[in-house]
Amino acid sequence: MPPVTRLTLAALAVASAALLGTAGCGDLEEASAAPLAGDNLITETADQLAAGSTLTYTAKYQVTGGETATVSRAQRPARAAYVYPGGRLITTNTVTIRCAGSTCTSDRTDPAAAASLAQAPLVSPEAVQEMLATAALDPVVETEQHDTTIAGRHATCLTLSQVNGTPAPSFDLCVTNEGVLASFTATVDGERIEQALTAYADDLPPDAFVLPTGTELVDRTAK
């Protein structure tokens, strides 16, 4: 009589585990190799840019028209300065200072100030974060990703199009590995905006948060 193979519960368990293990490894490898979905790419880039707000650094940019702008950021206490042709903005935990020409006004802290630099040629990291947050919720956004080097620093770049609810329906941006905005390009209200990082340092000049000599400061914090 030929031998009879007995399928015991233990044997079935071992066979099932082997099959599941093989399938599981393949699925995991395919999942890890698969490209990120567009919304995941946008969220990942936004998170990377947000991480830059925890750093201390000075970033210099060439902005539209070939002029220069600077973003300086420090911690403990957290504060930031945005200097651009014709003005500047300084934000801290207690005060917001806006300058136009040689006149500055000091107001109570405004967390949204950096995201809305009205009439400024400088596009702030906070403004780009808001655009990315809006784009991540838009199901029809088209996204392309590539890597590059800007000002000697590796950067991850996104090209977004068909975005609803942002100042520009299409825009390009790059973020360095550290989380610093490396470039931004878009057309807003028919005006071309081009901004690119030209220098980066993980320290600050001594006058990063000092108003220029001769500046008139109007204090409105008590109002």
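Above this text sits the structure in question.
How each quantity is defined
- Residues numbered from 1 in each chain as written.
- Predicted model: local features only at pLDDT ≥ 70, side-chain atom pairs only at ≥ 80, totals over all residues.
- Heavy atoms only, no water.
- 1 Å grid on protein atoms, 1.4 Å probe; cavity = no way out; pocket = protein on both sides within 12 Å on 5 of 7 lines; lining within 4 Å.
- Points joined across faces, edges and corners; volume = space filled by probe spheres on them.
- Helix = DSSP H or I, 4+ residues; strand = E, 2+ residues; numbered from the N terminus.
- Nonpolar A, V, L, I, M, F, W, Y, C, P; charged D, E, K, R; others polar.
- Buried < 20%, exposed > 50% of the residue type's maximum accessible area, 1.4 Å probe, protein only.
- Polar contact = N/O pair within 3.5 Å; in protein donor to acceptor, adjacent residues only side chain to side chain.
- Contact = heavy atoms within 4.5 Å.

S.K.: When you look at the layout of surface pockets in this model, what are you seeing that I'm missing?
M.R.: To find leftover empty space, a probe the size of one water molecule is rolled over the atoms. Its volume calculated, the largest pocket comes out at about 600 Å³. Forming the boundary of the largest pocket are 24 residues, of which L117, A120, V123, V188 and I193 lie nearest the centre. Breaking the lining of the largest pocket down by element, the ones donating at least two residues are α3 (125-136), β10 (181-188) and β11 (191-201). Sort the elements by how many residues they give to the lining of the largest pocket and α3 lands first, with 4 residues. Tallied by class, the residues present in the lining of the largest pocket amount to 13 nonpolar, 7 polar and 4 charged. There is about 280 Å³ of room inside the second largest pocket. In terms of lining, the second largest pocket is formed by 17 residues, of which the most central are R73, A78, A80, T91 and E126. Ranked by residue count, the leading element in the lining of the second largest pocket is strand β3 (residues 79-84), at 3 residues. Counted by class, the lining of the second largest pocket contains 6 nonpolar, 7 polar and 4 charged residues.

S.K.: Before we go on, may I ask you to explain the side chain of T96 in this structure?
M.R.: Mapped onto the elements of the fold, T96 is located in strand β5 (residues 95-100). When its relative accessible area of 0% is taken as the criterion, T96 is described as buried. A polar contact is formed between the side chain of T96 and the backbone nitrogen of D110, at a distance of 2.8 Å. Residues contacting T96, with those up to four places away along its chain left out, are L89, I90, T91, T105, S106, D107, R108, T109, D110 and A113.

The analysis is restricted to geometry; functional conclusions fall outside its scope.
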